[in-house]
Number of protein chains: 2
Amino acid sequence: MTVINDGGITSPKGFKAAGVHAGLKKVKKDMAMVVSDVLAVSAAAFTTNKVKAAPVIWDMDILRKGKAQAIVVNSGNANACTGEKGLADAEETALYCAGKLGIDENAVFVSSTGVIGVPLDMSKIKSGIDALVPSLSYDDKNAAEAILTTDTFRKEVAVTVDIGGVAVTIGGMAKGSGMIHPNMATMLSYITTDAAIEQSALQNLMGNTVEDTFNMISVDGDTSTNDSVIVLANGMAGNAMMTEGSVPEAFEEAFRFVLGELAKDIVKDGEGAGRFIEMNVAGALTKKDAKTLARSVISSSLVKAAFFGADANWGRILCAMGYSGADFEPSLVDLSFSSPAGELCVVKSGEPIAFDEDKAKKILSEKEVSVLADCHQGDASATAWGCDLTYDYVKINGDYRS
Amino acid sequence: MTVINDGGITSPKGFKAAGVHAGLKKVKKDMAMVVSDVLAVSAAAFTTNKVKAAPVIWDMDILRKGKAQAIVVNSGNANACTGEKGLADAEETALYCAGKLGIDENAVFVSSTGVIGVPLDMSKIKSGIDALVPSLSYDDKNAAEAILTTDTFRKEVAVTVDIGGVAVTIGGMAKGSGMIHPNMATMLSYITTDAAIEQSALQNLMGNTVEDTFNMISVDGDTSTNDSVIVLANGMAGNAMMTEGSVPEAFEEAFRFVLGELAKDIVKDGEGAGRFIEMNVAGALTKKDAKTLARSVISSSLVKAAFFGADANWGRILCAMGYSGADFEPSLVDLSFSSPAGELCVVKSGEPIAFDEDKAKKILSEKEVSVLADCHQGDASATAWGCDLTYDYVKINGDYRS
């Protein structure tokens, strides 16, 4: 597997993209489009929130068809809590886009992120699509910019991997937890690949990989109305068709790498985040227990606040493991912190061991810190990624609209 | 039911209490004792955390005996993650206390709150008990002070209620979410009553009432290693014995009032809390759905941050209901805010309605704000209580030990 320098959503063969300013936001780019030269196999995962935005409802229908060719995204307005008009607007967006591209109207995914409860300005959406189509490029950086909200950096990645002698490319872009009133942290992610892969194999791979990547991050524990991961695989690399049970491990690894990098970028760019936390659980009884334990720790407000203070507060970590609901024996747990500044064991068999406070402070003051909890019970492991809880988080999310 | 002015843990007949400074904390009172003149029926609920402090493990044994006569509490040290020595210390505390009081050694509950992972200083615990016993008083305010950690006010309440012509009294005291490094928000609550009631009836009543009170509050969603609610009923009021199925509604109401007031006081005194939020859910399909919805809203960091900013962010509330896992139909929900400054409906049938922003700001700027979500599906309802997420929360929990 090779990471493509400055690669992204248009790195795989036969994918064009564009990003423009359509006027939904004041100044910044606010509409993006991704188009495959040919109809592509699709897979997707959507928010589990009961309150689903209109475009998510539209996309769930498109996913059932198993193939798609384009994705059109707007930021600035989430088209959520917008009733019948919202659903009609999402459909109209897809149809207008399909017409302009000259493709099947059932081949267009639609995503929105931004303000909730405000109807889409369809004239702006249409003029945005009018501007996007002629801007489509096989080497695009604008789409990944146009999907951002309050993100502070563009999130894009691409890799090539050898599949039976054929170079296959996977690219991706994402937006993280931006906040535009009255909205919540929406996560959008788009993956393109020129791999030839059957739909069921792709959906399966995506489902499992999302479990280990996007579902293992937490900025503030809230799940939005618009969260979406959409994958298009157009087969243009020319590899032998991958089917369920025959997906090479190298492809799975590359796929997991792309989704993992995007997931970690989202956490690193979490609202107000100052410190990136990697929580590793080892020696757990089951994979499910390991994941539950890791996720509980990075989701704890008390743990997150301790990391803000670079405080070696192992008690809060053990406590968050304890209330996670996962099966483990507290008296067997070893706990250690590590970062580029060193490594330090603080708990052995569930009890604290004396440690050098200055060394702990030094390790925890780094931008990226890892925690390892070894449960010494089985051989299951999991990793979750989170960020600290800062004054800025409260400021970004608490300040009244101005 | 009559609320006793300045009443508390010693308001019921035959209960003495005391609070002293034993040296576990630098200056403040740090040990408390509650003693019944006679052996009392006991009921209790303890933390569901897998990591249980030593005194909790001791108390679970005492609870099985069904009767107890005294409770001894220390703040400043949680006796958690302290291994075999911790268990021996909890037992020794109970035995020493029983000896000094001349009561059965299996009749003493022990509670601790404070630093985790540090062994108890048993010489201080013993001299604390030595000082507590002669200070015991039928009119005590010191015990409720000695159990506090970073709480900013004493939490005590008592009521009398007529049960078949006999005045029965229920009193209680609690400590909320204090933070002493390296610790987490521990909730301790003690209830005394002179009611005559069978153990199974008391345990049942307590379990149900805790569900509607202490389990419906959230400061930061973390469940500590030491959380405990302990009830002693000594029968000295002389009412006819209440048995399972024959507990008068008036008694249940009074009991719920006492636990509810303590629970609300804990939230009002939550770390850094500036605003008290009451979340009411009505018209839900089941009581369980109503509770899950209400709890999800007051636990959401995004909702809590919005209340800090006095922001009428109905989208975040609807979103938190959506990911709660409860069954409801978003398109039927009505949402309104109210406070002493007025009332305002912001969502009707799942869609926003235009509202006066200035009025909203005025309503939400009050110290106590209520939200009502009517699901219009059934007749189940529930209420949860929470607080806003503030800079001070991050400061209290994030600042490095100094």
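Numbering of residues starts from 1 in each chain and follows the order in which that chain's sequence is written. Here chains are named by letter from A upward and ligands by number from 1 upward, in the order in which they appear as written. Only residues with pLDDT of at least 70 get local features here, since the model is predicted, and only at 80 or more are side-chain atom pairs given and counted; chain-wide, interface and lining totals rely on the full set of residues. Calculated side-chain values reflect all of the structure's heavy atoms, with hydrogen atoms and water omitted.

### Considerations on the overall build of chain A
Helix and strand labels come from DSSP, where a helix needs a run of H or I of at least four residues and a strand needs a run of E of at least two; each type is numbered from the N terminus. The number of helices and strands found in chain A is 11 helices and 16 strands. Here the C-alpha radius of gyration of chain A, 22 Å, is about what a compact globule of 402 residues would show, namely 21 Å. For chain A, the spread of C-alpha atoms along the three principal axes comes to 70 × 55 × 35 Å. Within chain A, the proportion of its 402 residues that are buried is 60%. Every residue pair with non-hydrogen atoms within 4.5 Å of one another is taken to be in contact. Excluding contacts between residues fewer than 6 apart, the proportion of contacts in chain A whose partners are at least 24 apart in sequence is 80%. Computed with a 1.4 Å probe, the accessible areas rest on the Shrake-Rupley method; for each residue, only the protein chains presented here act as cover. Summing over all exposed atoms, chain A offers an accessible surface of approximately 13800 Å²; the carbon and sulfur share of this is 50%. Positive residues here are Lys and Arg, negative ones are Asp and Glu, while His and the chain termini are left out of the count. For this purpose, a charge sits on NZ of Lys, CZ of Arg, CG of Asp or CD of Glu. Between the averaged position of the 36 positive side-chain charges in chain A and that of its 52 negative side-chain charges there is a distance of 5 Å. For the radius of gyration, the atoms used are the C-alpha atoms, and the globule rule reads 2.2 Å times the number of residues raised to 0.38. Partly exposed describes any residue whose relative accessible area lies between the buried limit of under 20% and the exposed limit of over 50%, with all areas from a 1.4 Å probe on protein chains only and scaled to the type maximum.

### Considerations on the pattern of salt bridges
The rule for a salt bridge is simple: a side-chain nitrogen of Lys or Arg has to be within 4 Å of a carboxyl oxygen of Asp or Glu. According to the stated counting rule, one finds 32 salt bridges over all chains in the structure shown. For Arg-64 of chain A, the salt bridge identified is with Asp-61 of chain A, shortest N-O distance 2.5 Å. Of the two residues, Arg-64 of chain A and Asp-61 of chain A are both situated in helix 1 (residues 54–65); the distance of 3 residues between them amounts to about one turn of the helix. Among the residues examined, Asp-61 of chain A registers a relative accessible area of 39% and is labelled partly exposed. Across the pair Asp-327 of chain A and Lys-50 of chain B runs a salt bridge, and its minimum N-O distance is 3.3 Å.

### Some points on the environment of Asp-289 of chain B
Residues and elements named next belong to chain B. Assignment of secondary structure puts Asp-289 in helix 7 (residues 287–299). Linking Asp-289 and Asp-327, residues 38 residues apart in sequence, is a C-alpha distance of 6.1 Å. Once residues within four sequence positions are removed from consideration, Asp-289 is found in contact with Ala-326 and Asp-327.

### Quick word on the pairing of strand 16 (residues 380–387) of chain B
The two faces of a sheet get side chains in turn, since along a regular strand they alternate between them. All names here are of chain B. Burial runs high along strand 16: 6 of the 8 residues are buried. Strands are labelled as partners when DSSP assigns at least two bridges between them. Across 2 bridges, strand 9 (residues 217–218) lies against strand 16 in parallel orientation. Each residue of the ladder has a partner; that of Ile-217, found in strand 16, is Trp-385. Alignment of strand 11 (residues 276–284) against strand 16, held across 7 bridges, turns out to be antiparallel. Note that in strand 16 the partner of Met-279 across the bridge is Ala-384.

### A word on empty space enclosed by the protein
Residue and element names in this part refer to chain A. Within this scheme a cavity is a closed region of a 1 Å grid, computed over the protein atoms alone, that accommodates a 1.4 Å probe without allowing it to escape, whereas a pocket is open but has protein on both sides within 12 Å along at least five of seven lines; lining residues each have an atom within 4 Å of a point. Grid points are joined across faces, edges and corners, and a volume is the space filled by probe spheres set on the points. Tallied over the entire structure, the rule returns 3 cavities of 30 Å³ or more. Roughly 50 Å³ of internal volume is contained in the largest cavity. If you go around the largest cavity, you meet 13 residues; those closest to its centre are Asn-74, Thr-93, Val-110, Ser-111 and Ser-112. Residues are grouped as follows: Ala, Val, Leu, Ile, Met, Phe, Trp, Tyr, Cys and Pro are nonpolar; Asp, Glu, Lys and Arg are charged; all remaining types, including Gly, are polar. Across the lining of the largest cavity, the residue classes tally to 8 nonpolar, 5 polar and no charged.

### Considering the packing of helix 1 (residues 54–65) of chain B against helix 2 (residues 83–101) of chain B
Residue and element names in this part refer to chain B. Note on geometry: axes are C-alpha line fits, over the in-contact stretch for helices, and angles between N-to-C directions span 0 to 180 degrees. Relative orientation of the contacting elements helix 1 and helix 2 amounts to 55 degrees, with a least axis distance of 8 Å. Accordingly, the angle class assigned to the pair helix 1 and helix 2 is oblique. Considering only the axes of helix 1 and helix 2, their crossing is right-handed. Contact with helix 1, carried on its side by Ala-54, Pro-55, Ile-57 and Trp-58, involves Gly-86, Leu-87, Ala-90, Glu-91, Ala-94 and Leu-95 of helix 2 and no other residues of that element. Its residues assigned to classes, the contact of helix 1 with helix 2 comprises 8 nonpolar, 1 polar and 1 charged. Here the word oblique covers every angle except those under 35 degrees (roughly parallel), over 145 (roughly antiparallel) and from 65 to 115 (roughly perpendicular). Left-handed is the label given to a crossing in which the near helix is rotated counterclockwise from the far helix by less than a right angle, and right-handed is the label when the rotation is clockwise.

### Some thoughts on the packing of aromatic side chains
Residue and element names in this part refer to chain A. Aromatic rings from Phe, Tyr and Trp, with only the six-membered ring used for Trp, were paired whenever their centres fell within 6.5 Å, and each pair was classed as stacked if the ring planes differed by under 30 degrees, edge-to-face if by over 60, and tilted otherwise. Applying the stated criterion across every chain, the model contains 4 aromatic pairs over all chains. Just above the ring of Phe-153 sits the side chain of Lys-155; from NZ or CZ to the centre is 4.4 Å. Here Lys-268 stacks its cationic end above the ring of Phe-276, 4.9 Å away from the centre of that ring. Here, a charge over a ring is recorded when the distance from Lys NZ or Arg CZ to the ring centre is within 6 Å and its angle to the ring normal is within 35 degrees.

### A look at the side chain of Ser-336 of chain B
Among the secondary structure elements, Ser-336 of chain B is positioned in strand 12 (residues 334–339). Apart from residues no more than four positions distant in its own chain, Ser-336 of chain B is found in contact with Glu-343, Leu-344, Cys-345, Val-346, Ser-370, Val-371 and Leu-372 of chain B.

### Describing the side chain of Thr-225 of chain B
Assignment of secondary structure puts Thr-225 of chain B in the loop between strand 9 and strand 10 (228–233). Polar contacts here mean pairs of N or O atoms no more than 3.5 Å apart (in protein, one a potential hydrogen donor and the other a potential acceptor; neighbouring residues in sequence count only if both atoms are side-chain atoms). One polar contact links Thr-225 of chain B to Asn-226 of chain B, side chain to side chain, over a distance of 2.5 Å.

### Some words on the sheet that holds strand 16 (residues 380–387) of chain A
Residues and elements named next belong to chain A. In spatial order, the strands read 9-16-11-15-12-13-14; together these 7 strands make up an open sheet with mixed pairing. Because the sheet does not close on itself, it has two edges, and the strands there are strand 9 (217–218) and strand 14 (351–352). With 5 bridges connecting them, strand 12 (residues 334–339) and strand 15 (residues 368–374) associate as antiparallel partners. Looking across to strand 15, one finds that Phe-337 is bridged to Val-371. Packed onto the sheet, helix 9 (residues 314–322) meets strand 11 (276–284), strand 12, strand 13 (342–348), strand 14 and strand 15 and runs at close to 120 degrees relative to strand 12.

### Notes on the sheet that holds strand 9 of chain B
Residue and element names in this part refer to chain B. Judged by pairing direction, the sheet is mixed, and its 7 strands sit side by side in the order 9-16-11-15-12-13-14 without closing on themselves. For this open sheet the edge positions go to strand 9 and strand 14 (351–352), each flanked by a neighbour on one side alone. Helix 7 contacts strand 9, strand 11 and strand 16 of the sheet and is inclined by roughly 20 degrees relative to strand 16.

### Details of the nonpolar core
Residues and elements named next belong to chain A. Residues Phe-251, Phe-255 and Met-321 are the most contacted members of the largest nonpolar core, which totals 84 residues. Take this core: its biggest share by element is 9 residues, from helix 6 (residues 249–268). Ignoring sequence-local partners within four residues, the contact set of Met-321 consists of Leu-293, Val-297, Phe-328, Val-333, Ala-373 and Cys-375. Working definition of a nonpolar core: buried Ala, Val, Leu, Ile, Met, Phe, Trp, Tyr and Cys residues. They are joined through side-chain atoms within 4.5 Å.

### A short note on the packing of helix 7 (residues 287–299) of chain A against helix 9 of chain A
All names here are of chain A. Between helix 7 and helix 9, whose axes approach to 8 Å, the crossing angle comes to 130 degrees. Our classification of the angle between helix 7 and helix 9 gives oblique. Relative to helix 9, helix 7 is oriented so that their crossing is right-handed. Residues Leu-293, Ser-296 and Val-297 of helix 7 form the contact with helix 9, whose participating residues are Ile-317, Ala-320 and Met-321. By residue class, the composition of the contact of helix 7 with helix 9 is 5 nonpolar, 1 polar and no charged.

### Concerning the confidence of the model for chain A
What pLDDT expresses is the predictor's confidence in each residue, scored from 0 to 100. On average, chain A scores 91 in pLDDT, and the residues at 70 or more come to 95%. For residues 179–184 of chain A, every residue scores under 50 in pLDDT, and the model assigns this stretch 33 contacts once sequence neighbours within four places are set aside.

### Observations regarding the environment of Ser-300 of chain A
As for its placement among the helices and strands, Ser-300 of chain A is situated in the loop between helix 7 and helix 8 (301–308). Of the residues examined, Ser-300 of chain A reaches a relative accessible area of 1% and is grouped as buried.

### Description of unusual backbone geometry
All names here are of chain B. One non-glycine residue with positive phi stands out, namely Asn-79, at about 45 degrees. Note on Asn-79: relative accessible area 1%, which makes it buried. One non-glycine residue, His-376, lies in positive phi territory at about 50 degrees. Along the polypeptide, His-376 turns up in the loop between strand 15 (368–374) and strand 16. Under the relative-accessibility criterion, His-376 is labelled partly exposed at 43%.

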